[in-house]
Amino acid sequence: MKPLVLQGHERSITQIKYNREGDLLFSCSKDQKPNVWFSLNGERLGTFNGHQGAVWCIDVDWTTTKLMTGSGDMSTRLWNVERGTTIATIPCKSSVRTCNFSYSGNQAAYSTDKAMGHSCELFIIDVRNPDEGLANASAILRIPILQSKITSMLWGPLDETIITGHEDGQITVWDLRMGKEVNSVNDHSMVINDMQMSKDGTMFVSASKDTTAKLFDSEDLACLKTYKTERHVNSAAISPIMDHVALGGGQDAMEVTTTSARAGKFDARFFYLIYEEEFARVKGHFGPINSLAFHPDGKSFATGGEDGFVRVQVFDSSYFDYSFD
């Protein structure tokens, strides 16, 4: 169970994503260059060069042909995965905090920060045949977010809705046909750092600074389960094959110097999806875990930390045999 340590970033990791098959792992960090790795052996396939600021979010479509990144240089970029070239650069009014392709890959969404006198906005764009013209083309839909800014975002089932997590802990569902809010809940009390869907799209898990991760129904936003820890949760993911939830976190980056890695604050923690009980921890990082993802086959997982490393951990056979007594 020796982990692969992927060393290619100079600054802290902001997000990691597997593609649909799981053979590639995409990572972005505050050092302006998103990377792509082979998930099997940890070899770096290449970098996507072009951003001028920290890259906050990354997503790849289901065919692994297009990649989307959002950056602090006030732009969203679409890339050709195979060649590593920029297909289109979309200028924005402020930093781009979240970006996601829809399940079909026909549309993509991204959100901008509330900054410099501009309010937070959610944009939906058509990416069926993207080219440089996307930079000047107007978005299909543009929703101004008048409440607190969006910090995480998911496409809902059938690409008809978008689920957003906000800085004040609110989670909202937007209907894209009507372009308006249809439901919202306030189960979290602090910023939502991350949201990830289950494999079948019926549930999603949210990770919040209020030290909890919660499992929600993706249709009606009913809070199904709560996973409590004693420190901020930066990322949470649902296993595609087991009833397990993995949580990653730690304290704020600015407080990290006051704790040693041995204090157990930077572990990936595993909870039973149903019983809400913690059953395992995996050590490794020297700083908080900022992003966590399960491999689509459920046999390994990856974590990206404030220390700039991405660690890929393969589960032992005992993990699959272990059952809750």
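Here goes a summary of the coordinates provided. (Residues numbered from 1 in each chain as written. Predicted model: local features only at pLDDT ≥ 70, side-chain atom pairs only at ≥ 80, totals over all residues. Heavy atoms only, no water.)

1. What to know about empty space enclosed by the protein
Under the defined criterion, the tally for this structure stands at 2 cavities of 30 Å³ or more. One number sums up the size of the largest cavity: a volume of about 70 Å³. In terms of lining, the largest cavity is formed by Thr229, Arg231, His232, Val233, Leu247, Gly248, Gly249, Gly250, Lys265, Asp267 and Arg269. Of the residues forming the lining of the largest cavity, the biggest block, 3 residues, is contributed by strand β23 (residues 244-249). Of the residues contributing to the lining of the largest cavity, the split by class is 2 nonpolar, 5 polar and 4 charged. A volume near 50 Å³ is recorded for the second largest cavity. Around the second largest cavity sit Phe266, Ala268, Val282, Lys283, Gly284, His285, Ile289, Phe301, Thr303, Arg311 and Gln313, which together line it. Those elements that provide at least two residues to the lining of the second largest cavity are β27 (300-305) and β28 (309-314). Split into classes, the residues belonging to the lining of the second largest cavity amount to 5 nonpolar, 4 polar and 2 charged. (1 Å grid on protein atoms, 1.4 Å probe; cavity = no way out; pocket = protein on both sides within 12 Å on 5 of 7 lines; lining within 4 Å. Points joined across faces, edges and corners; volume = space filled by probe spheres on them. Helix = DSSP H or I, 4+ residues; strand = E, 2+ residues; numbered from the N terminus. Nonpolar A, V, L, I, M, F, W, Y, C, P; charged D, E, K, R; others polar.)

2. Focus on the pairing of strand β22 (residues 233-238)
In terms of residue burial, β22 counts as a mostly covered element, since 6 of its 6 residues are buried. Where β22 and β23 come together, 5 bridges link them in antiparallel fashion. Note that in β23 the partner of Val233 across the bridge is Gly249. Count of turn residues in the β22/β23 antiparallel hairpin: 5 residues. (Buried < 20%, exposed > 50% of the residue type's maximum accessible area, 1.4 Å probe, protein only. Pairing = 2+ DSSP bridges.)

3. Considering the nonpolar core
Formed by 16 residues in total, the largest nonpolar core has its most connected members in Met68, Leu78, Tyr110, Ile125 and Val127. For this core, the elements supplying multiple residues, two or more each, are β9 (85-91), β10 (96-101), β11 (107-112) and β12 (120-126). Ranked by size, the runner-up nonpolar core spans 14 residues in total, among them Ala268, Tyr272, Val282 and Tyr319. (Core = buried A, V, L, I, M, F, W, Y, C linked by side-chain atoms within 4.5 Å.)

4. Quick look at the packing of aromatic side chains
Considering all chains together, one arrives at 18 aromatic pairs under this definition. Their ring planes at 55 degrees and their centres at 6.2 Å tell us that Phe270 and Phe279 sit as a pair that is tilted. Relative accessible area serves as the criterion here: at 1%, Phe270 is assigned to the buried category. A ring pair is formed by Tyr272 and Phe279, whose centres lie 4.5 Å apart and whose planes are at 35 degrees; its orientation type is tilted. For the pair formed by Tyr272 and Phe279, the shared burial category is buried. Members of the aromatic cluster, connected to one another through ring pairs, are Phe270, Tyr272, Tyr275, Phe279, Phe294, Phe301, Phe315, Tyr319 and Phe320. Taking NZ or CZ as reference, Arg44 lies 5.9 Å from the ring centre of Trp37, over its face. One residue, Arg97, lies across the ring of Trp56, its end atom 4.3 Å from the ring centre. (Phe/Tyr/Trp six-rings, centres within 6.5 Å; stacked < 30°, edge-to-face > 60°. Lys NZ or Arg CZ within 6 Å of the ring centre and 35° of its normal.)

5. Here we look at the sheet that holds strand β7 (residues 66-71)
Whether parallel or antiparallel, the strands of a sheet pair through hydrogen bonds between backbone atoms. Pairing in this open sheet of 4 strands is antiparallel, and the strands run β6-β7-β8-β9 from one edge to the other. Only two strands of the sheet have a single neighbouring strand rather than two, namely β6 (55-60) and β9. Shown here is a sheet whose adjacent strand axes are inclined to one another by a mean of 20 degrees, direction ignored. With 6 bridges joining them, β7 and strand β8 (residues 75-80) adopt antiparallel strand pairing. (Axes fitted to C-alpha atoms, helices over the stretch in contact; angles between N-to-C directions.)

6. Remarks on the state of the cysteines
Within the structure shown, the criterion is met by 0 disulfides. No disulfide involves Cys99; its nearest neighbouring cysteine sulfur is the one of Cys57, lying 3.3 Å away. For Cys99, a relative accessible area of 2% translates into the label buried. (Disulfide = S-S within 2.5 Å.)

7. Observations concerning the side chain of Gln170
Mapping Gln170 onto the fold places it in the loop between β15 (161-166) and β16 (171-175). A polar side-chain atom of Gln170 sits 3.0 Å from a polar atom in the side chain of Ser184. Each residue touching Gln170, except ones within four places of it in the same chain, is listed here: Gln147, Thr164, Gly165, Glu181, Ser184, Val185, Asn186 and Ile192. (Polar contact = N/O pair within 3.5 Å; in protein donor to acceptor, adjacent residues only side chain to side chain. Contact = heavy atoms within 4.5 Å.)

8. Some remarks on the sheet that holds strand β18 (residues 192-197)
The 4 strands are arranged β18-β19-β20-β21 in an open sheet whose pairing can be described as antiparallel. Only two strands of the sheet have a single neighbouring strand rather than two, namely β18 and β21 (223-228). Across this sheet, the average inter-strand angle for adjacent strands is 20 degrees, counted without regard to direction. When strand β20 (residues 212-217) meets β21, the two strands line up antiparallel, connected through 5 bridges. Paired with Phe216 across the two strands is Cys223, which belongs to β21.

9. Brief notes about the layout of surface pockets
There is about 260 Å³ of room inside the second largest pocket. As for the second largest pocket, its lining consists of 17 residues, and the residues nearest its centre are Ile90, Pro91, Tyr110, Phe123 and Ala137. Within the residue set of the lining of the second largest pocket, elements represented by two or more residues are β9, β11 and β12. Of all the elements, β12 adds the most residues to the lining of the second largest pocket, at 4 residues. Among the residues forming the lining of the second largest pocket, the class breakdown is 11 nonpolar, 2 polar and 4 charged.

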